[in-house]
Amino acid sequence: MDLLANLATGFAVAGTPINLIYAFVGCLLGTLIGVLPGIGPVATIAMLLPATYALPPESALIMLAGIYYGAQYGGSTTAILVNLPGESSSVVTTLDGYQMARQGRAGPALAAAGFGSFFAGCVGTLLLAGFAGPLSEMAFAFGPAEYCALMVVGLIGAVVLASGSLLKAIAMIILGLLLGLVGTDVNSGMTRFNMDIPELTDGIGFVAVAMGLFGYAEIINNLAKNATDREVFTAKVQGLMPTPEDFRQMMPAVLRGTALGSVLGVLPGGGAVLASFAAYTLEKKIKLKAGEVPLGQGNIRGVAAPESANNAGAQTSFIPLLTLGIPPNAVMALMVGAMTIHNIQPGPQVMTVNPELFWGLIVSMWIGNLMLIILNLPLISLWIKLLTVPYHYMFPAIVLFCAIGVYTTNNATFDIGLVAAFGLAGYIFTKLGCEPAPLLLGFILGPMMEEYLKRALKLARGDWSVFVTRPLSAALLAIGVLLLVMVLLPAIKSKRKEAFVED
Amino acid sequence: MSIKSQKDFVSGLMFTAVGAGFAWNSALSYDIGTASQMGPGYFPLVLGLVLVLLGGFIMFFSLVVETPDGGVIGDIAWRPLICILGANLLFGALLGGMPSIGLPSFGLVVAIFALTGVALMADATSFNLRRMLVLSSILAGGSYLVFISLLNLQLPVWPAFISGF
C-alpha cells in the first residue's frame, strides 16, 4: 500500500483535462444551484444526477463530487448572505455569518468559509487516502451480522440528527426500508408490493423518491410561505479579504474544526451536520481574547470553525461509503445510487476492482476543493446577484430540471407520475413534521439490510443472539444504543432542540 | 381526552395504516418462512408490524403529551401543490405522449411551455403572459442546448406529427 503511488494513480485519472473540466463544471453547477435559497446538496445532487448519466463512470463520479462540494459551499453562501441555510450542516454558519454580513463584513465571512473549507478538505482527503486502505481490509472481516449491525448504527445516527420527534424519525426509517423492498425479491424472484404495476417490477426509482421528497416538496413549501420570508438581503458587500487580524483569529478555529470534523464524519449517520454543531459548541466554550466580539454577534471563528468541520466531515464521510459500501447520510445514499446506475457496486471491492475510479475519486475531491476556492472567491459578487433573481423566474426552472431529470432516468412517463406522488408525500411529511432524510436513507438500505439479515440468521440457524455474541457486531450495536441513550438524556435533548431551532 | 398534537396524531395514523397495509399484504401474499429460512414475506412483515407499533405510540403520545402550539397542521397550500405537481404531470404526458388515451408525443418544446405556464400559476402574483413566454423561451432554448446538444439525451424535441416519429 503505497500512499504516494496510489495518489499518483488518482492524479493520472482526475488530472486529465477532460476530467478537470467535469470537476470544474460540477463545482460550478453545484454552487449555482446550491446558492439558490432552500436547496441543499441532496436536492442539488438529485437534480443534477441525470446530467451525469451519459458520462463514463469516473467522470460522472468526479463531476458528482464537484457538485457536492459546490452545493455545500453554495449553501454556506446563502447562510451568510441571506440567513438561509441551504442545508442543515450550514445552519450554525448563519449565527455568526449573517451577523458579519449585516456589519458589511460578508466578504471576510465568505472568504473565511472558503479558506476553512479548503484547508479542511485537504486534510480530509489525506485522511481518506490514508485510512481507506486499512479500513477496507477490515471490511473483509465483516460478516453479515456485522454489516447488519453497522446499518442499524447508521440508521440510528440518522435518527439522532433528525430534528423533531425521535419516534417519528424511526417510523420514517422503517417506512423507507419498506418502500425499498418494493419490486423483485432477489432471493425468491417474487415481485413484492408492486400493486400489479409492471413499471414497479424493478422497484421504485430512487431519483423519483429523492426529487419528489426534496425538490418538489421544497418548492411547494417555499411557495406556500409568505413572499416576505424569501426576501433577500441586498446590502453592499465591502472588502473581500479578511484582515491579518481576522486570519490570526480564524486559523486556530479552522484547525480545531478540521480535527473535530474529520473524526465525527466517519461515524455513520453523523457526518457534516454533527461536525458543524460540535465545532461551533467548542468555539463557544473557548475563552474570548481581549477585544474579540462574542460568538453569535459576528465573530469570524463562528464561521470558520463550523465550515471547516462540515467540510472535513463531508470528506471523511466518504470513508464508510467507499470501504464498506454503506452510505452514512442522504447525500452518500445518492452517491450509491449514482454508482449503481453506472454498474459499480460500492464496497471494499471498489478499491481492488476499480483502483482508477477509487483513487481518481479521492484525488478529484481535493481538486474539487481547489476549484471551489478558485471559482468562488472571484465570483462572490456574482452569487449575490443571483440571489436577487426573483423567485418566480427561479421555481419553474427548478421544476423543469427535476422533471427532465426524472424522465431521462428511464425515458418513461411513469416516473414522472411517481415523482409527483412522492412530491405529494413529501409535502404531507413536512406538514406533519416528519423529516424525509431518514426515509431516503432507509430506502437505500432496505434491500441491503434484508439481504444481510437473511444471511446472518441463516448462518446462525435462526438464532437472533448472533448479533450480540459476535464481538464486532455487539460493539457496533452498543454504539447504537449509546447514541440513542445520548439523545434521550434530557440535557442533550434540550441542546438538540436549541441547535435545530433555526430549521 | 383530546388531541394535543394534530401533526403527531395524523402522522401516527398514517404510519399505522401504511404499516398495517404492508404487514397484511406480506402475511397474505408471500411466504413468511422462519428466521433461519426467511421467505419473501418475513422482513416486510416484521417491519410492517414495528411500524404499526410505532404509529400507535406516536398517536398515544399525541393524546397525552402537551405541545406548546398544539401541533396544528395548518392550511394546505392547495394552489402551489396542484400547480407544481400538475405542471410536472402535464410535462410528462406531453413529452412522452400517452398512448393509452391516444395522446401523441408533443416533444420537449411544447412540454416546456406547458410546464412553465402551469407552474407560474402556482404563485398568485407570478403569472402574466409576457413573463411566461419569455421564461419558456429561455428555458426551452437553454434545455435544448444543454440536454440535447451538449448531453445528447434521447428526448423527442418536436411534436410527433411534425417530426414524423
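Residues numbered from 1 in each chain as written. Chains lettered and ligands numbered in written order. Predicted model: local features only at pLDDT ≥ 70, side-chain atom pairs only at ≥ 80, totals over all residues. Heavy atoms only, no water.

**Student:** So what exactly am I meant to see when it comes to the overall build of chain B here?
**Tutor:** When its secondary structure is counted, chain B shows six helices and zero strands. What you see in chain B, going N to C, is helices and strands ordered as α-α-α-α-α-α. In terms of overall size, chain B is more extended than a compact globule, its C-alpha atoms giving a radius of gyration of 24 Å where 165 residues would be expected to give roughly 15 Å. Seen through its C-alpha atoms, chain B measures out along the principal axes to roughly 60 × 50 × 30 Å. Here chain B holds 165 residues, and the buried ones make up 47% of them. A sequence separation of at least 24 residues applies to 61% of the contacts in chain B between residues at least 6 apart. Positive and negative charge centroids in chain B, built from 5 and 6 side chains respectively, lie 17 Å apart. (Helix = DSSP H or I, 4+ residues; strand = E, 2+ residues; numbered from the N terminus. Rg over C-alpha atoms; globule rule 2.2 N^0.38 Å. Buried < 20%, exposed > 50% of the residue type's maximum accessible area, 1.4 Å probe, protein only. Contact = heavy atoms within 4.5 Å. Lys, Arg positive; Asp, Glu negative; His and termini not counted. Charge placed at Lys NZ, Arg CZ, Asp CG, Glu CD.)

**Student:** What exactly am I supposed to notice about the interface of chain A and chain B here?
**Tutor:** When the parts of a complex come together, some accessible area is lost, and that lost area is often used as the size of the interface. With 62 residues of chain A at the interface, the matching set in chain B holds 65 residues. Both sides of the chain A and chain B interface together cover about 5,400 Å² of buried area, and 81% of this is carbon and sulfur. Three residues, A:Phe193, A:Lys431 and A:Leu432, lead the burial of chain A against chain B; their summed loss comes to 12% of the area buried on that side. Where chain A meets chain B, there are one salt bridge. Among the ionic pairs, B:Asp8 bridges to A:Lys168, the shortest N-O distance being 2.6 Å. Across the chain A-chain B interface, the total number found is eight residue pairs in polar contact (both at pLDDT 80 or more). Residue assignment for the side of chain A that touches chain B shows that the elements contributing at least two residues are α8 (166-181), β2 (191-192), α9 (206-224), α17 (391-410), α18 (413-431) and α19 (436-459) of chain A. Within the side of chain A that touches chain B, the residues separate by chemical class into 42 nonpolar, 11 polar and nine charged. (Buried area = accessible area lost by both parts, 1.4 Å probe. Salt bridge = Lys/Arg side-chain N within 4 Å of Asp/Glu carboxyl O. Polar contact = N/O pair within 3.5 Å; in protein donor to acceptor, adjacent residues only side chain to side chain. Nonpolar A, V, L, I, M, F, W, Y, C, P; charged D, E, K, R; others polar.)

**Student:** I keep staring at the domain arrangement of chain B and nothing clicks. Help me out?
**Tutor:** Domain annotation for chain B reports domain 1 (6-64) and domain 2 (78-163). Computed over C-alpha atoms, the centres of domain 1 of chain B and domain 2 of chain B are 39 Å apart. (Domains from an automatic or database assignment.)

**Student:** How should the packing of α9(A) against α18(A) be read in this particular structure?
**Tutor:** Packed helix pairs are specified by the crossing angle of their axes together with the interaxial distance, meaning the distance between the axes. Residues and elements named next belong to chain A. Remark: α9 packs on α18, axes separated minimally by 7 Å, with the N-to-C direction vectors making an angle of 55°. Considering their axes alone, α9 and α18 lie oblique with respect to each other. For the element pair α9 and α18, the recorded crossing hand is right-handed. Residues Ala208, Val209, Met211, Gly212, Leu213, Tyr216, Ala217, Ile220 and Asn221 of α9 form the contact with α18, whose own contacting residues are Asp415, Leu418, Val419, Phe422, Gly423, Ala425, Gly426, Tyr427, Phe429 and Thr430. Taken together, the residues of the contact of α9 with α18 sort by class into 13 nonpolar, five polar and one charged. (Axes fitted to C-alpha atoms, helices over the stretch in contact; angles between N-to-C directions. Parallel < 35°, antiparallel > 145°, perpendicular 65-115°, else oblique. Left-handed = near helix turned anticlockwise from the far one by under 90°.)

**Student:** Before we go on, may I ask you to explain the packing of helix α10 (residues 244-266) of chain A against helix α12 (residues 301-316) of chain A in this structure?
**Tutor:** All names here are of chain A. In contact at an axis separation of 7 Å, α10 and α12 are set at 30° when each is read in the N-to-C sense. For the element pair α10 / α12, the angle class is roughly parallel. Our pair here, α10 against α12, has a crossing hand that is right-handed. Within the contact between the two elements, α10 uses Gln249, Met250, Ala253, Val254, Arg256, Gly257, Thr258, Gly261, Ser262, Gly265 and Val266 and α12 uses Arg301, Ala304, Ala305, Ser308, Ala309, Ala312, Gly313 and Thr316. Across the contact of α10 with α12, the residue classes tally to eight nonpolar, nine polar and two charged.

**Student:** Would you take a moment to explain the environment of A:Phe429 for this structure?
**Tutor:** Here A:Phe429 lies in helix α18. It is 8.6 Å that separates the C-alpha atoms of A:Phe429 and A:Leu213, two residues lying 216 residues apart in sequence.

**Student:** Just to check I follow, could you spell out the confidence of the model for chain B for this structure?
**Tutor:** It should be kept in mind that the predicted coordinates are not to be read in detail where pLDDT is low. Predicted confidence across chain B gives a mean pLDDT of 84, with 95% of residues reaching 70 or more. Per the prediction output, this complex has pTM 0.74; the corresponding ipTM is 0.90. (pLDDT = per-residue confidence, 0-100.)

**Student:** So what exactly am I meant to see when it comes to unusual backbone geometry here?
**Tutor:** Peptide bonds are trans in most cases, and residues, glycine excluded, mostly fall at negative phi. The phi dihedral of A:Arg461 is positive, around 55°, even though this residue is not glycine. Residue class for A:Arg461 comes out exposed when judged on its relative accessible area of 72%.

**Student:** Explain the pattern of salt bridges here, please?
**Tutor:** Residue and element names in this part refer to chain A. All chains considered together, the criterion is met by seven salt bridges over all chains. Close ionic contact of Glu146 with Arg470 constitutes a salt bridge, the shortest N to O distance being 2.8 Å. Residue Glu146 is located in helix α7 (residues 144-161), and its partner Arg470 is located in the loop between α20 (466-469) and α21 (471-488); the two are separated by 324 residues in the primary sequence. Using a relative accessible area of 2% as the deciding quantity, one classes Glu146 as buried. With a relative accessible area of 36%, Arg470 lands in the partly exposed category. For Asp185, the salt bridge goes to Lys454, with nearest N and O atoms at 3.8 Å. Highlighted residues: Asp185 in the loop between β1 (183-184) and β2 and Lys454 in helix α19, separated in sequence by 269 residues. Exposure class is identical for Asp185 and Lys454. Each is buried. Several salt bridges share partner residues, and in doing so they unite Asp185, Arg192, Glu450 and Lys454 into one network.

**Student:** How should I be thinking about the packing of aromatic side chains in this particular structure?
**Tutor:** Each pair of aromatic rings is reported with the distance of its centres and the angle of its planes. A complete count under the given rule lists eight aromatic pairs over all chains for this structure. Both rings, one in A:Phe193 and one in B:Phe22, keep their centres 4.7 Å apart while their planes meet at 65°; by these two values the pair is edge-to-face. Here B:Phe22 lies in helix α1 (residues 6-29) and A:Phe193 lies in the loop between β2 and α9, a pairing that spans two chains. Seen from their ring centres, A:Trp464 and A:Phe467 are 6.3 Å apart, and the 45° between their planes marks the pair as tilted. When its relative accessible area of 10% is taken as the criterion, A:Phe467 is described as buried. In textbook terms, an aromatic cluster arises when at least three aromatic residues are bridged by ring pairs, as seen for A:Phe193, B:Phe22 and B:Tyr30. (Phe/Tyr/Trp six-rings, centres within 6.5 Å; stacked < 30°, edge-to-face > 60°.)

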